[in-house]
Protein chains: 2
Amino acid sequence: MLLANASFYRAFSEGDAQAMVELWAKRAPVACLHPGAELLLGRDAVLGAWRQILRGDQGFELRCDSPTVRVFGETALVQCYEATDDQPAHLAATNAFVLEDGAWRMVHHQAGPLSRPIPKPEARGFVN
Amino acid sequence: MLLANASFYRAFSEGDAQAMVELWAKRAPVACLHPGAELLLGRDAVLGAWRQILRGDQGFELRCDSPTVRVFGETALVQCYEATDDQPAHLAATNAFVLEDGAWRMVHHQAGPLSRPIPKPEARGFVN
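Structural notes, computed from the coordinates. Just so it is clear, the model here is predicted, and its values are computed rather than measured.

All names here are of chain A. One open sheet holds the 6 strands; their spatial order is β2-β1-β6-β5-β4-β3, and the pairing between them is mixed. A single partner strand is all that each edge strand has here, and the edge strands are β2 (40-41) and β3 (62-72). As defined by bridge partners, strand β1 (residues 31-33) adjoins strand β6 (residues 103-118) across 3 bridges and the pair is classed as parallel. Opposite Leu 33, over in β6, you have Gln 110 as the bridge partner. Running over the sheet, helix α1 (residues 2-13) touches β3, β4 (75-84), β5 (89-100) and β6 and is turned about 150° from β3.

A few words on unusual backbone geometry. Residue and element names in this part refer to chain B. Not every positive phi belongs to a glycine, and Asp 85 is a case in point at roughly 50°. When you line up the elements, Asp 85 lands in the loop between β4 (75-84) and β5 (89-100). Among the residues examined, Asp 85 registers a relative accessible area of 38% and is labelled partly exposed. Within the chain, Asp 101 stands out as a residue other than glycine whose phi angle is a positive 55°. Among the secondary structure elements, Asp 101 is positioned in the loop between β5 and β6 (103-118). On the basis of relative accessible area, Asp 101 is assigned to the exposed category, the value being 56%.

Another aspect to go through is the interface of chain A and chain B. Taken together, the contact between chain A and chain B spans 33 residues of the former and 33 residues of the latter. With both chains or domains summed, chain A and chain B bury close to 2400 Å², and 61% of this area falls on carbon and sulfur atoms. In terms of surface lost to chain B, no three residues of chain A exceed A:Arg70, A:Phe72 and A:Gln110, which account for 22% of the buried area on that side. For the pair chain A and chain B, the interface holds 0 salt bridges. If you look at where chain A meets chain B, you find 18 residue pairs in polar contact (both at pLDDT 80 or more). Listed by contribution, the elements that provide at least two residues to the side of chain A that touches chain B are β1, β3, β4, β5 and β6 of chain A. Tallying contributions element by element places β6(A) first for the side of chain A that touches chain B, with 10 residues.

What counts as what
- Residues numbered from 1 in each chain as written.
- Chains lettered and ligands numbered in written order.
- Predicted model: local features only at pLDDT ≥ 70, side-chain atom pairs only at ≥ 80, totals over all residues.
- Heavy atoms only, no water.
- Pairing = 2+ DSSP bridges.
- Helix = DSSP H or I, 4+ residues; strand = E, 2+ residues; numbered from the N terminus.
- Contact = heavy atoms within 4.5 Å.
- Axes fitted to C-alpha atoms, helices over the stretch in contact; angles between N-to-C directions.
- Buried < 20%, exposed > 50% of the residue type's maximum accessible area, 1.4 Å probe, protein only.
- Buried area = accessible area lost by both parts, 1.4 Å probe.
- Salt bridge = Lys/Arg side-chain N within 4 Å of Asp/Glu carboxyl O.
- Polar contact = N/O pair within 3.5 Å; in protein donor to acceptor, adjacent residues only side chain to side chain.

Remember that the coordinates give geometry; whether it matters functionally is a separate question.
Structure representation (structure tokens):
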């Protein structure tokens, strides 16, 4: 399950549109809420936006910090903090997956800004 | 399914902490991402925050515009735009529910700001 979630961040970081297309569900209805943006609904809208995002020249690593996984039957929710390159996390995200043909495929992504950036977990000291 | 989603917004608008407690899943793990805030995980954290929010004196209607429902077996995802009172929507939200004891109970809520407020659907003209 965390592998599918990691695939999402790897596809983003590597600008790999084909991996992104493979990751999203083929039959289950998909939707996406990019930060600040209106809802994208359906595979054409969601993957069209991803292709556009990943076509950009200025690729960067999108890091997934502190993922939390909850599995409800054949559906799973992951929450995590998102960060670019080596920066503190500046977004909180919800990713949803369903089992499709034996693989966890993405059906939903929402990311929104954090009021206070959250440092990389390994950079945190013993004092909170 | 939409009834459970509507119950969430009614509980908020009416400041009804007990209805909010009833709505959230009792056994399935729950989590919540309020706008800008860090992840709340577990019933104590999630409901503690709701009790605090709903205790405020300055209650207001939280409206749910244009809900989109997707049901995956015994799990459901709702996306919608959130607005206060009669204003255009300023938040986009994801709500997740699971069937528990025959009722749809909430397991997740994330809301984040929209870059451009979205007018009430009935206030939209024919020109987009």
